[in-house]
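# Architecture and fold: a report
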Amino acid sequence: MLTIGTLQLKNWLVLAPMSGRTNLPFRLIIKKMGAGLVITEMISAVGLSRGQGKTHTYLDSHPAERPVAAQLFGYETDSMAISAQIAAEKGMDIIDINMGCPVKKVVKTGSGAALMRDPKKAAKILSAVRQSTSLPVTVKIRAGWSPEEANALEIAKIAEDCGADGISIHPRFASQGFSGEADWTLIGRIKRAIRIPVIGSGDITEPSLALKMRSETNCDGIMIGRAALSNPWIFRQILDMEEKGSFDTPDLDDRHRLIMEHYSLLTEYLGENRATNVMRGLLLLYTKRLPSRGFLKGCISEIDGRKRLISAVDRYFGNVREEMESEG
Ligand SMILES: Cc1cc2nc3c(=O)[nH]c(=O)nc-3n(C[C@H](O)[C@H](O)[C@H](O)COP(=O)(O)O)c2cc1C
């Protein structure tokens, strides 16, 4: 069990925040798959506090996904503090502060991973958010900006001193993007250095690796990002692996059903046009390890609405079944 501040989660498995991905429909699916905590995409504190455009819609939530954390990114203490209050009013359960995003658009404003280069600023933002809300506050960091600025331990200690209730760490440098391997030993070093819960993130691609990360690092929780996109079942699989030593793999019908459920949820929240667009991208992820993807890739550009999407998916799964049967 993982406890963040006053909030007791039902287990130690967390859906990693992923911009463009961890929207409400996906979070609802992942919650059903057993995750103890889901996190929104990163939300601009400047956008939220100034009421810009549709930023507030990133805080749309549903009771079935709770507890849910709102991840905020920003560089101004005031807008971060105000945004934390807005998120609390909107029913979020945890405020997570992004100090790990390496994307140019974000770091050039001084937000995301750029905050790790400015520990004083990071401390000010953390204290301001801490004071603005009674909700648990967590921070998500990387190993540092670059190997020359490897200060994850320093930032983790600052976060603890400023009253954070937990740290999640994706142990790659911002300069690395996603290249190389996540250095899990850093998760262990941070765990030994601070008293608040530590959640490890990075390269958990299959259930056994979640258990491996925990046993190697003694972390309190683990986060799953990319693997959840092609295998949303991974949360349930980890729990089964932990309890029974084995897990089931979804069959074709399970996968087909989940795609349709996801599409329905997307349609409900985004409307048919946007849902169809989003689903076109997701189809290739959901079918990543299946045969006959050439067919899907070939017809994806023609999918322009509900009817065509459903027919393409039905035909695709029909092809896969036939192919599998003919292979015996
Ligand atoms: C498409 C995508 C979007 C991401 N967006 C965010 C984000 O908004 N905030 C954040 O803290 N991390 C973000 N991340 C990083 C993940 O939360 C996670 O730490 C990282 O992907 C490593 O975990 P994984 O190997 O399980 O994917 C993103 C990752 C991906 C692949």
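Since the structure is predicted, the reported quantities are computational estimates derived from the model, not experimental observations.

## Considering the overall build of the protein chain
When its secondary structure is counted, the protein chain shows 14 helices and ten strands. Rg of the C-alpha trace for the protein chain: 20 Å, near the compact-globule value of 20 Å for 328 residues, within the 12% margin. Once the C-alpha set of the protein chain is aligned to its principal axes, its extents read approximately 60 × 45 × 35 Å. Of all 328 residues assigned to the protein chain, the portion counted as buried reaches 55%. A separation threshold of at least 6 residues defines the contact pool for the protein chain, and within that pool the share at least 24 residues apart is 67%.

## Observations regarding the packing of helix H5 (residues 119-132) against helix H6 (residues 152-161)
At a closest axis distance of 9 Å, the pairing of H5 and H6 adopts a crossing angle of 30°. As far as their axial angle goes, H6 and H5 are roughly parallel. Viewed along their axes, H5 and H6 form a crossing whose handedness is right-handed. Contacts between H5 and H6 involve Pro 119, Ala 123 and Leu 126 from the former and Glu 154, Ile 155, Ile 158 and Ala 159 from the latter. Residues belonging to the contact of H5 with H6 are distributed by class as follows: six nonpolar, no polar and one charged.

## As for the pattern of salt bridges
What the rule picks out here adds up to 18 salt bridges. The partner of Glu 242 in a salt bridge is Arg 214, and the shortest N-O contact between them spans 2.9 Å. Taken as a pair, Glu 242 in helix H10 (residues 234-244) and Arg 214 in helix H8 (residues 207-217) lie far apart in primary sequence, 28 residues in all. Exposure remark for Glu 242: the relative accessible area of 34% places this residue in the partly exposed category. Here Lys 244 makes a salt bridge to Asp 240, at a shortest N to O gap of 3.9 Å. With Lys 244 and Asp 240 both in helix H10, this residue pair falls four residues apart, about one helical turn. Here the salt bridges do not stand alone but share partners, grouping Arg 172, Asp 203 and Arg 226 into one network.

## Describing the site of the ligand
Taken together, 16 residues are adjacent to the ligand, and Pro 17, Gln 71, Ser 201, Asp 203 and Arg 226 come closest. One of the side-chain N or O atoms of Gln 71 is found 2.8 Å from a nitrogen atom in the ligand. One of the backbone nitrogen or oxygen atoms of Asp 203 is found 2.7 Å away from an oxygen atom of the ligand. Protein chains bury 87% of the 610 Å² of accessible surface belonging to the ligand in isolation. Here the shell around the ligand is composed, by residue class, of six nonpolar, seven polar and three charged.

## Observations concerning unusual backbone geometry
For the bond running from Arg 66 to Pro 67, omega is 0°, close enough to zero to count as cis. Within the secondary structure, Pro 67 sits in the loop between helix H2 (45-49) and strand E5 (68-73). Although it is not a glycine, Asn 218 adopts a positive phi angle of roughly 65°. Residue class for Asn 218 comes out exposed when judged on its relative accessible area of 53%. Here Ser 292, not a glycine, exhibits a phi torsion of approximately 60°, which is positive. Mapped onto the elements of the fold, Ser 292 is located in the loop between helix H12 (272-286) and helix H13 (293-299).

## Looking at the environment of Lys 105
Note on placement: Lys 105 falls in helix H4 (residues 104-107). Taking C-alpha positions, Lys 105 is 43 Å from Glu 243, a pair spaced 138 residues apart along the chain.

## Overview of the domain arrangement of the protein chain
Here the protein chain is partitioned into domain 1 (3-244) and domain 2 (252-326). With 15 residues of domain 1 at the interface, the matching set in domain 2 holds 13 residues. When the two sides are added together, the surface that domain 1 and domain 2 hide from each other amounts to roughly 1,300 Å², 67% of it contributed by carbon and sulfur. Linking domain 1 with domain 2 are one salt bridge, by the criterion used here. When the shortest N-O distance is used, the salt bridge between Lys 32 and Glu 261 registers 2.7 Å. Summed over the shared surface of domain 1 and domain 2, the result is two residue pairs in polar contact (both at pLDDT 80 or more). The greatest single-element share of the side of domain 1 that touches domain 2, amounting to six residues, is contributed by helix H1 (residues 24-32).

## Observations regarding the environment of Ala 174
Along the chain, the position of Ala 174 falls in the loop between strand E8 (166-173) and helix H7 (184-193). Note on Ala 174: relative accessible area 9%, which makes it buried. Sequence spacing of Ala 174 and Cys 101 is 73 residues, and the spatial spacing of their C-alpha atoms is 7.2 Å. Ignoring any residue separated from it by four or fewer positions in sequence, one finds Ala 174 in contact with Pro 102, Ala 113, Arg 142, Gly 144 and Trp 145.

## Some remarks on the sheet that holds strand E9 (residues 198-201)
On the basis of which strands lie adjacent, the open sheet formed by eight strands has the order E3-E10-E9-E8-E7-E6-E5-E4 and parallel pairing. Lying at the two open borders of the sheet, with one neighbouring strand each, are strand E3 (13-15) and strand E4 (38-44). Across the sheet, the mean angle from the axis of one strand to that of its neighbour is 25°, orientation sign disregarded. Sheet analysis places strand E7 (residues 137-144) next to E8, joined by six bridges and oriented parallel. Bridged to Val 139 within E8 is Ile 167. Contacts from H6 reach strand E6 (94-99), E7 and E8 within the one sheet, and its direction differs from that of E7 by about 165°.

Basis of the calculations
Residues numbered from 1 in each chain as written. Predicted model: local features only at pLDDT ≥ 70, side-chain atom pairs only at ≥ 80, totals over all residues. Heavy atoms only, no water. Helix = DSSP H or I, 4+ residues; strand = E, 2+ residues; numbered from the N terminus. Rg over C-alpha atoms; globule rule 2.2 N^0.38 Å. Buried < 20%, exposed > 50% of the residue type's maximum accessible area, 1.4 Å probe, protein only. Contact = heavy atoms within 4.5 Å. Axes fitted to C-alpha atoms, helices over the stretch in contact; angles between N-to-C directions. Parallel < 35°, antiparallel > 145°, perpendicular 65-115°, else oblique. Left-handed = near helix turned anticlockwise from the far one by under 90°. Nonpolar A, V, L, I, M, F, W, Y, C, P; charged D, E, K, R; others polar. Salt bridge = Lys/Arg side-chain N within 4 Å of Asp/Glu carboxyl O. Near = heavy atom within 4 Å. Polar contact = N/O pair within 3.5 Å; in protein donor to acceptor, adjacent residues only side chain to side chain. Areas by Shrake-Rupley, 256 points an atom, 1.4 Å probe, with all protein chains shown as cover. Domains from an automatic or database assignment. Buried area = accessible area lost by both parts, 1.4 Å probe. Pairing = 2+ DSSP bridges.

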